[in-house]
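One letter stands for each residue in the lines below.
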Amino acid sequence: MTIRIQKKSATTSKVMFVLPDEIHPGAVSAVGTFNDWQPGVHKLVKRSNGTRSVSVEVPAGQEICFRYLGDGGVWFDDPEADTVTHEGTLVKA
């Protein structure tokens, strides 16, 4: 699992959520403060390299909290994240 952060401008950063395709069977979406915790808004798309990913743009420097939501209502956090709170994984864009 990987979270990539790329500064797009002085005010905007792109956060990319990347998972190995085998991490969860079925659809997975990134759900968090950047989309008001709305499931299905940011679905990870399968890539030819054996991963699936989705990107979101957020204000540069903003802290976001998120979790992954898989089919069947399975919530999970990024185990490689530096900070996981009771709400989920915390990253600074």
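These numbers come from a predicted model, not from an experiment. (Residues numbered from 1 in each chain as written. Predicted model: local features only at pLDDT ≥ 70, side-chain atom pairs only at ≥ 80, totals over all residues. Heavy atoms only, no water.)

Okay, the nonpolar core next. In this structure, F17, F34 and Y68 are the most contacted members of the largest nonpolar core, which totals 16 residues. Among all residues touching F34, those that are not within four sequence positions of it are F17, H42, V56, V58, I64 and F66. (Core = buried A, V, L, I, M, F, W, Y, C linked by side-chain atoms within 4.5 Å. Buried < 20%, exposed > 50% of the residue type's maximum accessible area, 1.4 Å probe, protein only. Contact = heavy atoms within 4.5 Å.)

Relative to the elements of secondary structure, G26 occurs in the loop between β2 (12-20) and β3 (28-32). On the basis of relative accessible area, G26 is assigned to the partly exposed category, the value being 41%. C-alpha separation for the pair G26 and G72, spaced 46 residues apart in sequence, amounts to 8.8 Å. In this view, G26 contacts R52 and D71; residues no more than four positions away in its chain are not counted. (Helix = DSSP H or I, 4+ residues; strand = E, 2+ residues; numbered from the N terminus.)

Turning our attention to the pairing of β2. Here strand β1 (residues 2-7) pairs with β2 via six bridges, running antiparallel. Note that in β2 the partner of Q6 across the bridge is K14. Alignment of β2 against strand β5 (residues 51-59), held across nine bridges, turns out to be antiparallel. In the strand pairing of β5, S13 is matched with V58. (Pairing = 2+ DSSP bridges.)

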